[in-house]
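# Remarks on the overall topology
Spelled out from the first residue to the last, the chains are:
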Amino acid sequence: MSIKARLDAEVSKRNRSDEVNSEKLDPIIVAKRYNDANIALICALFSYGNVTQIVKFLDSLDFSLLQKSDEEIQNALQNHYYRFQKSEDIIALFIALKRLNAVTTLEGVFVESYAPKRSVIDGLNALISRLRELYPHNSRGYTFLLGNVTTKRKGAGALKRWMMFLRWVVRKDNIDMGLWSGVNKADLIIPLDTHTFHVGLRLGLLKRKTYDLEAAFELTKTLKSFDGEDPLKYDFALYRLGQEGLA
């Protein structure tokens, strides 16, 4: 069986709504409960570490705060923290998102910069910049959470959590939510984590030995040779293969 045939079979097997459940957790389980891009972004940005702890933390958040005053957000989140993020970092993200939605949308900001070159990097840079402008806050935890504007690919972080957010809101199937219509799924870049990186190397889908944004582009290019219109349909299957030690 060819690699493509194996992956296509794995996609068919995994593309079921019950593939994500209380026994087989994934942060998208919380995001799908609300079907909202802002909540999806919060879920994606906190998606690092142990998946049980991620979901436990996300379940502790009151997302209705995104419609509340700065003071209400600060009071409600003052005792929240998650790994590298202190309460001030979580508060900053909620207030920045609330302020952005008062004047535009995440999709509006993203598409305006993405559309000219169909560049998801340009779109993400615009979102990161706008959120930082709307609520200036600087700490190690917040920089880790939100990321920095990216101008290079080699040696740069893979932007895994942002790329996963885009997959969730752009693609539509039994796993992903398809909340945005202004972005072509063919332009998405794989959310490269350690599982997909090592599976990519083991299956010969990836040659680059450095875990960085360049590797994410290389793996995406290979997946485009399997399906040029929807390369990220393979992402969840690759992730599960690595997570479950099957490849």
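Residues numbered from 1 in each chain as written. Predicted model: local features only at pLDDT ≥ 70, side-chain atom pairs only at ≥ 80, totals over all residues. Heavy atoms only, no water.

## Considerations on the packing of aromatic side chains
Using the criterion set out here, one finds 16 aromatic pairs in the structure. Judged by centre distance (5.0 Å) and plane angle (70°), the rings of Tyr-34 and Phe-63 are edge-to-face. With a gap of 29 residues between them, Tyr-34 in helix H2 (residues 28-34) and Phe-63 in the loop between helix H4 (51-59) and helix H5 (70-77) connect regions that are remote in the sequence. Judged by its relative accessible area of 36%, Tyr-34 falls in the partly exposed class. (Phe/Tyr/Trp six-rings, centres within 6.5 Å; stacked < 30°, edge-to-face > 60°. Helix = DSSP H or I, 4+ residues; strand = E, 2+ residues; numbered from the N terminus. Buried < 20%, exposed > 50% of the residue type's maximum accessible area, 1.4 Å probe, protein only.)

## Details of unusual backbone geometry
Glycine aside, negative phi is the norm for most residues, and most peptide bonds take the trans geometry. Positive phi outside glycine occurs at Arg-83, with the angle close to 45°. Within the fold, Arg-83 resides in the loop between H5 and helix H6 (87-103). Of note, Arg-118 is a non-glycine position whose phi angle comes to about 50°, a positive value. Assessed through its relative accessible area of 43%, Arg-118 is described here as partly exposed.

## Digging into the packing of H5 against H6
Interhelical geometry of H5 versus H6 gives an angle of 150° and a closest axis separation of 9 Å. Judged by the inter-axis angle, H5 sits roughly antiparallel to H6. Pair H5 / H6 crosses with right-handed handedness. Residue-level inspection shows Asp-70, Ile-73, Gln-74 and Leu-77 of H5 in contact with H6, the latter providing Ser-87, Ile-90, Ile-91, Phe-94, Ile-95, Lys-98 and Arg-99. (Axes fitted to C-alpha atoms, helices over the stretch in contact; angles between N-to-C directions. Parallel < 35°, antiparallel > 145°, perpendicular 65-115°, else oblique. Left-handed = near helix turned anticlockwise from the far one by under 90°. Contact = heavy atoms within 4.5 Å.)

## Section: the nonpolar core
One recurring pattern in soluble globular proteins: nonpolar side chains tend to sit buried together. Phe-94, Trp-162, Phe-165 and Trp-180 are the most contacted members of the largest nonpolar core, which totals 90 residues. Considering every element that reaches this core, the biggest residue donor is H6, with 9 residues. (Core = buried A, V, L, I, M, F, W, Y, C linked by side-chain atoms within 4.5 Å.)

## Observations regarding the environment of Met-164
Relative to the helices and strands, Met-164 is located in helix H10 (residues 160-170). Assessed through its relative accessible area of 7%, Met-164 is described here as buried. Each C-alpha atom of the pair Met-164 and Ala-96 lies 20 Å from the other, and the pair is 68 residues apart in sequence.

## Brief notes about the layout of surface pockets
Its volume calculated, the largest pocket comes out at about 820 Å³. Residue lining of the largest pocket: 36 residues in total, with Ser-47, Tyr-48, Lys-160, Arg-161 and Tyr-211 positioned closest to the centre. When residues of the lining of the largest pocket are traced back to their parent elements, those giving at least two are H4, helix H9 (140-146), H10, helix H11 (194-202) and helix H13 (235-243). A total of 5 residues in the lining of the largest pocket trace back to one element, the largest contributor, which is H10. For the lining of the largest pocket, the per-class residue count stands at 18 nonpolar, 12 polar and 6 charged. For the lining of the second largest pocket, the secondary structure elements donating two or more residues are helix H8 (120-134) and helix H12 (213-226). Here the lining of the second largest pocket gets 4 residues from one element, more than from any other, and that element is H12. Of the residues belonging to the lining of the second largest pocket, the class tally is 4 nonpolar, 2 polar and 5 charged. (1 Å grid on protein atoms, 1.4 Å probe; cavity = no way out; pocket = protein on both sides within 12 Å on 5 of 7 lines; lining within 4 Å. Points joined across faces, edges and corners; volume = space filled by probe spheres on them. Nonpolar A, V, L, I, M, F, W, Y, C, P; charged D, E, K, R; others polar.)

## Here we look at empty space enclosed by the protein
Scanning all chains against the criterion turns up 1 cavity of 30 Å³ or more. Taken as a whole, the largest cavity holds about 80 Å³ of empty space. Put simply, the parts of the chain that give the lining of the largest cavity at least two residues each are helix H1 (3-14) and H13. Among the residues forming the lining of the largest cavity, the class breakdown is 5 nonpolar, 1 polar and 6 charged.

## So, H4
Within H4, burial applies to Ile-54, Val-55, Phe-57 and Leu-58. Down the axis of H4, the buried set is contained in an arc of 160°. They therefore lie on one face. Where H4 is buried, its residues touch H2, helix H3 (37-45) and H6. Sitting at the amino-terminal end of H4 is Asn-50, which places a side-chain oxygen 2.9 Å from the backbone nitrogen of Thr-52. (Arc of directions from axis to C-beta. Polar contact = N/O pair within 3.5 Å; in protein donor to acceptor, adjacent residues only side chain to side chain.)

## Digging into the pattern of salt bridges
All chains considered together, the criterion is met by 21 salt bridges. A salt bridge links Asp-70 to Lys-98; the shortest N-O distance between them is 2.3 Å. Taken together, the positions of Asp-70 in helix H5 and Lys-98 in helix H6 put the pair 28 residues apart, joining distant regions of the chain. Taken together, the shared-partner salt bridges in this structure form one network comprising Glu-10, Lys-13, Arg-14, Glu-19, Lys-24, Arg-240 and Glu-244. (Salt bridge = Lys/Arg side-chain N within 4 Å of Asp/Glu carboxyl O.)

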